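# Survey of secondary and tertiary structure
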Amino acid sequence: MTVLITGASSGFGRACAKAFAARGDNVIAIARREKELLSLQAECTKERCAHIVCDVTDTAALESSIEDTLKERRWEIDVLVNNAGLALGLSPAQDCDIKDWEQMIAVNCLALVRLSHFVLQKMVGRKSGHIINIGSIAGSYAYPGSTVYGATKAFVKQFSLNLRADLYDKNIRVTDIEPGLAGGSEFSLVRFKGDIERANAVYENTKPLLPEDIAEAVCWVAYLPSHININRLEMMPTTQAPAALNVHKYEIS
């Protein structure tokens with residue numbers, strides 16, 4: 001099996017690449033940072049792991065590099081793991097930087113849609129394949145400061161379900177993995193733009209999900225018998241639960 005993974009230099013993507021490679025699968029790891037990809041390739045062995053240094057929003061360069069890699073390795077994509085994504089900021093909507101909103105939409109939605117469409121052309125022709133999108137519980141549960149991030153993940157959830165509606169007769173599976181509180185990645189560090197103290201505070205006195213937990217779930221759905229499709233898989237650590245519906249109480253004058 002050959003697995004294409006975006007955002008593979010760290011966190012969920014790196015853990016997924018290592019987990020698939022450990023099972024004997026071929027991996028095409030995509031990320032912007034070559035140093036991290038080279039170290040991943042060394043861990044997975046060069047024969048089993050190809051890497052592409054590219055920004056997922058650079059569609060033309062990404063598609064060209066994937067085609068070159070498939071031709072060189074004589075591989076075909078069996079599983080696409082759309083993992084690349086980010087959250088930026090946690091400010092109220094009126095205080096957010098519009099450029100942050102646009103970047104989240106570009107990476108979390110537009111890049112994911114473009115790569116999915118590109119890979120689908122190959123999968124539909126073979127009537128075989130699996131697209132696994134890394135969503136978030138933020139796509140189902142609203143929380144302050146997640147105006148656009150949560151909206152992008154709601155898009156990923158509905159996009160995944162609608163893909164299945166189109167592909168029900170093509171033997172192609174689509175799954176949305178929706179993690180809750182998850183540590184061990186650069187997610188919060190990116191969200192808070194390098195503020196390590198603030199990022200670490202998110203996980204203080206908790207036992208969050210780890211990248212290896214997400215990778216275990218991704219491999220599980222990928223390795224199920226081919227007639228089984230897991231539409232959505234919502235995951236939370238035991239230290240988290242769906243939030244209460246808060247109501248602000250104020251004095252009436």
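For the structure, see preceding data.
Within any chain, residue numbers begin from 1 and follow the written order of that chain's sequence. Reporting of local features is limited, given that this is a predicted model, to residues whose pLDDT is at least 70; pairs of side-chain atoms are given and counted only at 80 or more, and all residues count toward the totals for whole chains, interfaces and linings. Heavy atoms throughout the structure, all of them, feed into the side-chain values; hydrogens and water do not.

## Describing the overall build of the protein
Elements are defined by DSSP. Helices are runs of H or I of four residues or more, strands are runs of E of two residues or more, and each kind is numbered from the N terminus. From N to C terminus, the protein includes eight helices and seven strands. Relative to a compact globule of 253 residues, whose C-alpha radius of gyration would be 18 Å, the protein shows 18 Å and is just as compact. Expressed as a percentage of the 253 residues in the protein, the buried residues total 47%. Should any heavy atoms of two residues lie within 4.5 Å, those residues are counted as being in contact. The long-range fraction of contacts in the protein, counting pairs at least 24 apart against all pairs at least 6 apart in sequence, stands at 69%. Per-residue accessibility takes into account occlusion by the displayed protein chains alone, with areas from the Shrake-Rupley method and a 1.4 Å probe. Carbon together with sulfur atoms contributes 52% to the accessible area of the protein, which is approximately 13,200 Å² in total. Two residue types count as positive, namely Lys and Arg, and two as negative, namely Asp and Glu; His and chain ends fall outside the count. By convention, the point assigned to a charge is CZ for Arg, NZ for Lys, CD for Glu and CG for Asp. Seen as two clouds, the 27 positive and the 30 negative side-chain charges of the protein have centres 4 Å apart. Just to be clear, the radius of gyration here is over C-alpha atoms, and the globule rule we use is 2.2 Å times residues to the power 0.38. Three exposure classes are used, based on accessible area relative to the maximum for each residue type with a 1.4 Å probe and protein chains only: buried under 20%, partly exposed in between, and exposed over 50%.

## Observations regarding the sheet that holds strand E2 (residues 26-31)
Any two strands with at least two DSSP bridges between them are considered paired. The seven strands are arranged E3-E2-E1-E4-E5-E6-E7 in an open sheet whose pairing can be described as parallel. The open sheet has two free edges, formed respectively by strand E3 (49-53) and strand E7 (232-235), since each of these has just one partner strand. Taken over all neighbouring pairs, the strand axes of this sheet differ in orientation by 15° on average, direction set aside. Here four bridges tie strand E6 (residues 172-179) to E7, and the two strands are oriented parallel to one another. For Ile177, the partnering residue across the bridge sits in E7 and is Leu233. Running over the sheet, helix H2 (residues 34-44) touches E2 and E3 and is turned about 175° from E3. The strands touched by helix H8 (residues 211-223) are strand E4 (79-82), strand E5 (129-134), E6 and E7; relative to E6, the strand with the most contacts, the crossing angle is about 160°. The axes are straight lines fitted to the C-alpha atoms, using for helices just the contacting stretch, and the angles between their N-to-C directions are given from 0 to 180°.

## Considerations on the packing of helix H1 (residues 11-22) against H2
The interhelical angle for the contact between H1 and H2, taken along N-to-C directions, is 20°, at an axis separation of 10 Å. It follows from the interaxial angle that H1 and H2 lie roughly parallel. Between H1 and H2 the crossing geometry is right-handed. Only Glu36, Ser39, Leu40, Glu43 and Cys44 of H2 make contact with H1, whose side of the interface consists of Arg14, Ala17, Lys18 and Ala21. Angles below 35 degrees are treated as roughly parallel, those above 145 as roughly antiparallel, those between 65 and 115 as roughly perpendicular, and all remaining angles as oblique. Should the near helix be turned counterclockwise from the far one by less than a right angle, the crossing is left-handed, whereas a clockwise turn marks it as right-handed.

## A short note on unusual backbone geometry
A positive phi is found at Lys127, a non-glycine position, where the angle reads about 55°. Relative to the helices and strands, Lys127 resides in the loop between helix H4 (98-126) and E5. Positive phi values are uncommon outside glycine, yet Asn205 reaches one of about 60°. Tracing the backbone through its elements, the reader meets Asn205 in the loop between helix H7 (196-201) and H8.

## A look at the pairing of E2
Within E2, six of the six residues are buried, leaving the element largely enclosed by the surrounding structure. Taking every second residue as pointing to the same face, both faces of E2 are buried, with Asn26, Ile28 and Ile30 on one and Val27, Ala29 and Ala31 on the other. Pairing geometry for strand E1 (residues 2-6) and E2, over five bridges, is parallel. Across the sheet, residue Leu4 finds its bridge partner in E2, namely Ile28. With respect to chirality, the unit in which E1 leads through H1 into the neighbouring parallel E2 is right-handed. With strands facing away from the observer, any crossover in which the path from the first strand over the helix to the second runs clockwise is taken as right-handed.

## Structural notes on H4
Here the expected length of a helix is defined as 1.5 Å per residue gap, with one fewer gap than residues. Between the first and last C-alpha of H4 there are 41 Å, a value that for 29 residues agrees with the 42 Å anticipated at 1.5 Å per step. Note on bend: at a given residue it equals the angle between the axes fitted to the 7 residues ending there and to the 7 starting there. At Ala106, H4 is deflected by roughly 35°, the largest bend along its length. Once H4 ends, the next one or two residues include Lys127, with phi positive near 55°.

## Details of the nonpolar core
Grouping buried Ala, Val, Leu, Ile, Met, Phe, Trp, Tyr and Cys residues that are joined through side-chain atoms within 4.5 Å yields what is termed a nonpolar core. Counting 36 residues, the largest nonpolar core has Leu4, Ile66, Leu115 and Val119 as its most contacted members. Ala215, Ala217, Val221 and Ile230 belong to the second largest nonpolar core, which has 34 residues in total.

## With respect to H2
Within H2, the full set of buried residues consists of Leu37, Leu40, Gln41 and Cys44. Burial along H2 is one-sided: seen end-on, the buried residues are contained in an arc of 100°. Projecting away from the buried face of H2 at angles above 90 degrees are the exposed residues Lys35 and Ala42. Its buried side turned inward, H2 meets H1, E2, E3 and helix H3 (59-73). Thr45, located one to two residues past H2, shows a positive phi value of around 80°. Arc, as used here, means the arc of the directions from the helix axis to the C-beta atoms.

## What about the packing of aromatic side chains?
Pairs were defined over the aromatic rings of Phe, Tyr and Trp, the Trp ring being its six-membered one, requiring ring centres within 6.5 Å. Orientation was assigned from the angle between planes: stacked under 30 degrees, edge-to-face over 60, tilted for the rest. Applying the stated criterion across every chain, the model contains two aromatic pairs. Pairing Phe155 with Phe159 gives two aromatic rings, centres 5.8 Å apart and planes at 10°, and the pair type is stacked. Of this pair, Phe155 and Phe159 both sit in helix H5 (residues 147-167), four residues apart, roughly one helical turn. Ring-over charges, as used throughout, are those where CZ of Arg or NZ of Lys falls within 6 Å of the ring centre and within 35 degrees of the ring normal. When the ring centre of Tyr149 is taken as reference, the NZ or CZ atom of Arg191 above it lies at 5.4 Å.

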